[in-house]
Amino acid sequence: MDKLKNFLSGYASAFDMWGNSVNVPDFSRGFERDYLALKSDWEKVGKDIGKGIAKWKVNQKI
């Protein structure tokens, strides 16, 4: 994986006309990072649903 990262970094630097370095993703922990990102996204979705339900309960005239 280091060879791929080095290649992508070099390739990106060839098109870097303004001196901004390009961050190449770390592929060594790809599945773990994907899992953590998806987990975080679904936790946020759950919190938003909870907030929506709480607002709905407050607005009900029961």
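In this report, we go over the structure that sits alongside the text. Since the model is a prediction, treat every value here as computed from it, not as a measurement. (Residues numbered from 1 in each chain as written. Predicted model: local features only at pLDDT ≥ 70, side-chain atom pairs only at ≥ 80, totals over all residues. Heavy atoms only, no water.)

Observations concerning the overall build of the protein chain
Argument step 1. In terms of regular secondary structure, the protein chain is built from 2 helices and 0 strands.
Argument step 2. As presented, the protein chain carries roughly 6,100 Å² of accessible surface, and 60% of it is formed by carbon and sulfur atoms. (Helix = DSSP H or I, 4+ residues; strand = E, 2+ residues; numbered from the N terminus. Areas by Shrake-Rupley, 256 points an atom, 1.4 Å probe, with all protein chains shown as cover.)

Re the pattern of salt bridges
Argument step 1. Applying the stated criterion across every chain, the model contains 1 salt bridge.
Argument step 2. In this structure, Lys39 engages Glu43 in a salt bridge whose closest nitrogen and oxygen atoms are separated by 3.7 Å. Highlighted residues: Lys39 and Glu43, both in helix H2 (residues 30–59), separated by 4 residues, approximately one helical turn.
Argument step 3. Residue Glu43 is classed as partly exposed on the basis of its relative accessible area, which comes to 44%. (Salt bridge = Lys/Arg side-chain N within 4 Å of Asp/Glu carboxyl O. Buried < 20%, exposed > 50% of the residue type's maximum accessible area, 1.4 Å probe, protein only.)

A look at a positive patch on the surface
Argument step 1. The grouping of Lys44, Lys47, Lys51 and Lys55 at the surface amounts to a positive patch.
Argument step 2. Structurally, Lys51 is set in helix H2. (Patch = residues over 30% accessible without salt bridge, like charges linked within 9 Å, V, L, I, M, F, W, Y side chains within 5 Å. Lys, Arg positive; Asp, Glu negative; His and termini not counted. Charge placed at Lys NZ, Arg CZ, Asp CG, Glu CD.)

Comments concerning a nonpolar patch on the surface
Argument step 1. On the surface, Leu38, Trp42, Val45, Ile49, Ile53 and Trp56 cluster together into a nonpolar patch covering about 660 Å² of accessible area.
Argument step 2. Looking at where Ile49 falls in the secondary structure, it is placed in helix H2.

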